[in-house]
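Next come the chains, spelled out residue by residue.
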Amino acid sequence: MFVYLDHTATTPTSPEVMKAMMPYFGEIFGNPSSVYSFSRKSREAIEKARNQVAASLNADPSEIFFTGSGTEADNWALKGTLEKAKISGKNHLITTKIEHHAILHTAEYLHKVEGVDVTYLPVNSEGFVSVEDVKNAITDKTALVSVMFANNEVGTIEPVKEIGALCREHKIPFHTDAVQAAAHLKIDVKAMNIDMLSMSAHKMYGPKGVGALYLRRGLHPENFIHGGAQEHKHRASTENIAGIVGFGEAMEILQGRLEEDKALNSARRDRLISGILERIPHAKLNGATGDNRLPNNINFSFIGVEGETLLLDLDAKGISASTGSACSSESLDPSHVLLALGLKHEMAHGSLRFTIGRLTTDEQIDYVLEVLPEIVSRRREMSPLWEDYIKSQA
Ligand code: PLP
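Residues numbered from 1 in each chain as written. Predicted model: local features only at pLDDT ≥ 70, side-chain atom pairs only at ≥ 80, totals over all residues. Heavy atoms only, no water.

Asker: Hey, could you go over the site of the ligand for me, with residue numbers and the actual values?
Answerer: Taken together, 13 residues sit near the ligand, with Thr 71, Asp 177, Gln 180, Ser 200 and Lys 203 positioned nearest. For the ligand, an oxygen atom lies 2.5 Å from a polar atom in the side chain of Thr 71. Within the side chain of Gln 180, a nitrogen or oxygen atom sits 2.7 Å from an oxygen atom of the ligand. Within the complex, the protein chains bury 91% of what would otherwise be the 390 Å² of accessible surface of the ligand. Top contributing element to the shell around the ligand by residue count: helix 3 (residues 70-85), with three residues. (Near = heavy atom within 4 Å. Polar contact = N/O pair within 3.5 Å; in protein donor to acceptor, adjacent residues only side chain to side chain. Areas by Shrake-Rupley, 256 points an atom, 1.4 Å probe, with all protein chains shown as cover. Helix = DSSP H or I, 4+ residues; strand = E, 2+ residues; numbered from the N terminus.)

Asker: Describe the sheet that holds strand 2 (residues 64-67), naming the residues involved and giving the relevant values.
Answerer: Taken together, seven strands build an open sheet; the order of strands is 2-8-7-6-5-3-4 and the sheet is mixed. The open sheet has two free edges, formed respectively by strand 2 and strand 4 (117-121), since each of these has just one partner strand. Each strand of the sheet is rotated relative to its neighbour by a mean of 20°, with strand direction disregarded. The pairing of strand 3 (residues 92-96) with strand 5 (residues 142-146) spans three bridges and is parallel. The residue bridging Ile 94 from the neighbouring strand is Val 145, located in strand 5. Across the sheet, helix 8 (residues 241-279) lies against strand 2, strand 7 (196-200) and strand 8 (211-215), angled at about 100° from strand 7, the strand it touches most. (Pairing = 2+ DSSP bridges. Axes fitted to C-alpha atoms, helices over the stretch in contact; angles between N-to-C directions. Contact = heavy atoms within 4.5 Å.)

Asker: Tell me about the sheet that holds strand 12 (residues 351-355), and please be specific about residues and values.
Answerer: The three strands are arranged 9-10-12 in an open sheet whose pairing can be described as antiparallel. Each having just a single partner strand, strand 9 (283-285) and strand 12 make up the two edges of the open sheet. Looking at each pair of strands side by side, their axes are set apart by 25° on average, direction ignored. Pairing of strand 9 with strand 10 (residues 297-302), which is carried by three bridges, proceeds in the antiparallel orientation. Considered in strand 10, the bridge of Lys 284 is made with Ser 301. The sheet strands contacting helix 8 are strand 9, strand 10 and strand 12, and the helix crosses strand 10 at an angle near 15°.

Asker: Can you explain the packing of aromatic side chains? Please cite residues and give values.
Answerer: Applying the stated criterion across every chain yields a total of five aromatic pairs. Ring geometry for Phe 65 versus Trp 76: centroids 5.8 Å apart, planes at 75°, classification edge-to-face. In this pair, Phe 65 is assigned in strand 2 and Trp 76 in helix 3, connecting sequence segments eleven residues apart. You can call Trp 76 buried: its relative accessible area is 0%. Judged by centre distance (6.0 Å) and plane angle (65°), the rings of Phe 66 and Phe 247 are edge-to-face. Of this pair, Phe 66 sits in strand 2 while Phe 247 sits in helix 8, and the two are 181 residues apart along the sequence. For the residue pair Phe 66 and Phe 247, the accessibility class agrees, reading buried in each case. Its end group placed over the ring of Tyr 109, Lys 79 keeps NZ or CZ at 4.7 Å from the ring centre. One cation-aromatic arrangement involves Arg 358 over Tyr 205; the distance from NZ or CZ to the ring centre is 3.8 Å. (Phe/Tyr/Trp six-rings, centres within 6.5 Å; stacked < 30°, edge-to-face > 60°. Buried < 20%, exposed > 50% of the residue type's maximum accessible area, 1.4 Å probe, protein only. Lys NZ or Arg CZ within 6 Å of the ring centre and 35° of its normal.)

Asker: Lay out the side chain of Ser 146 in plain terms, naming residues and giving numbers.
Answerer: Tracing the backbone shows Ser 146 in strand 5. Looking at Ser 146, its side chain comes within polar contact range of the side chain of His 175, at 2.8 Å. When neighbours within four sequence positions are excluded, Ser 146 is seen to be in contact with Leu 78, Ile 94, Thr 95, Thr 96, Glu 99, Ile 103 and His 175.

Asker: Explain the pairing of strand 5 to me, using residue names and the numbers behind them.
Answerer: Strand 5 sits mainly inside the fold: five of its five residues count as buried. A crossover connection joins strand 5 to the parallel strand 6 (residues 174-177) through helix 6 (residues 160-169); in handedness this β-α-β unit is right-handed. (Right-handed = clockwise from strand over helix to strand, strands pointing away.)

Asker: Lay out empty space enclosed by the protein in plain terms, naming residues and giving numbers.
Answerer: According to the stated counting rule, one finds two cavities of 30 Å³ or more in the structure shown. When its volume is computed, the largest cavity comes out at roughly 100 Å³. As for the largest cavity, its lining consists of 15 residues, of which Ala 183, His 184, Lys 203, Tyr 205 and Asn 265 are closest to the centre. Estimates place the volume of the second largest cavity at around 30 Å³. Forming the boundary of the second largest cavity are Ala 183, His 184, Leu 258, Asp 261, Lys 262, Asn 265 and Pro 295. Grouping the amino acids of the lining of the second largest cavity by side-chain chemistry returns three nonpolar, two polar and two charged. (1 Å grid on protein atoms, 1.4 Å probe; cavity = no way out; pocket = protein on both sides within 12 Å on 5 of 7 lines; lining within 4 Å. Points joined across faces, edges and corners; volume = space filled by probe spheres on them. Nonpolar A, V, L, I, M, F, W, Y, C, P; charged D, E, K, R; others polar.)

Asker: Requested: an account of unusual backbone geometry, with residues and values cited.
Answerer: The backbone of Asn 58 sits at a positive phi, close to 60°, despite the residue not being glycine. You can see Asn 58 is positioned in the loop between helix 2 (37-57) and strand 2. Under the relative-accessibility criterion, Asn 58 is labelled partly exposed at 35%. Look at Lys 233: it is not a glycine, yet its phi comes out positive at around 70°.

Given below as C-alpha cells:
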C-alpha cells in the first residue's frame, strides 16, 4: 500500500487545476505585457486568477501580487519593509522562534547584513505566541511584526487577529506567513487585521513554484525583484501564467470545499492521534489540540527512537511521512520548533509528523496504526536511550 502522509511538504496538483493550466503551456502563450490582442488572453488569465485569490481572502485584486513561491513572498515582506523603514530610522523586526526558515533565515540575513535588530518571541509548550509578549517587544523603532498564521511542523494556529489588532493600535505593519494556514482555514484579511500575507499554491493542490503576497493598499515595501514593469511595477519578470492560473483555480476550488475538507481531515487526524496514544506507550503529542491545531497535522515524539530511523522503516512499508519541515530534511539538527516548545533534544530527535489530505482514507490511517506500534517497539528494543529512560521511570 502507498500511503502519502506528507501533505504539508506538498500536495498533488489536482486534475481540475491541471486542466485549467494546460492551455497556457500551449496555444495561449502570448507575453501578457505585449500590446497586441493575442497577448490579451494571457493578461486576462492572470487577472482572473488575481480575482480568485483576492476573493478568497476578502482582499481587493489590486492588493495581490504573484511571486515565485511562499519563500519569495516572505523574503519580500521582510526585506522590502525593513529596507523602506530605514528612511524613517526604524530598524527593529519582531518575529518568533518557530517561524519557517523562509522567515528565520531572512531575519538572520537582515541582522547580519543590514544591522536590523531582531526580537525572536518565545512560544509556550503548545506553540502559542503570547499577544502580551508581542506588546512588550514593541519599541518606537519597530518596523514590522511577522508572526506565522499556523506552524508547519506542529500545526498550532496563532492568535493572528489579536496580534493584528495590537499592531494596528501601534501603527506597525503586521505580516503573517499563511503558507500552511491558507490551505485549511478561512482567512479574511480585513476582519483579521492583516497587512501582509504570504501564500503558496503547492500546499493547496496547486502547482509548485508560484506564490503570492497580499499587500494592504497603502503599503509600499521596496521591491524585491527588479526589472520590468510586471505586477503593477512591484515584481519584475515575465509571469508564470500557467502557474498563476493554477493557483487561482486551486484557491477557488478550496474555498468551495473548505468546511468539508476540514471536517474530514480533523476526524482522521483525531483517529490517528487517539490510535497512537492508545497503542504506543510514552508517545507524546506535540502542539495544540482541537480547533487550535491545523485539521491535518499530527506530530508525535517517541522517546528512545530517532525520527529519521522511523521514517525509513515507515518508507519500507510504503508510508511517506516527515520529521518536520521538508526544507530541513537534509539536516540532522533537532527541529528548532520542537526545541522552542521546550522539548529536550532526545525527544525532539524522536519526532514524526504525519499530515493528511485529500488523498488520505480511513483504511490508510488504520494501516499506519497497524504498522507504527511494531516499528517503534522494535526500535526501542535496540535503543540504549530507551533502556535508560525506562530505568529512570522505575
Ligand atoms: N512558510 C511555511 C510556513 C511553509 O510551510 C513553507 C513550505 O513548507 C514555506 C513558507 C515556503 O513555501 P514555498 O515552498 O512555496 O517556498
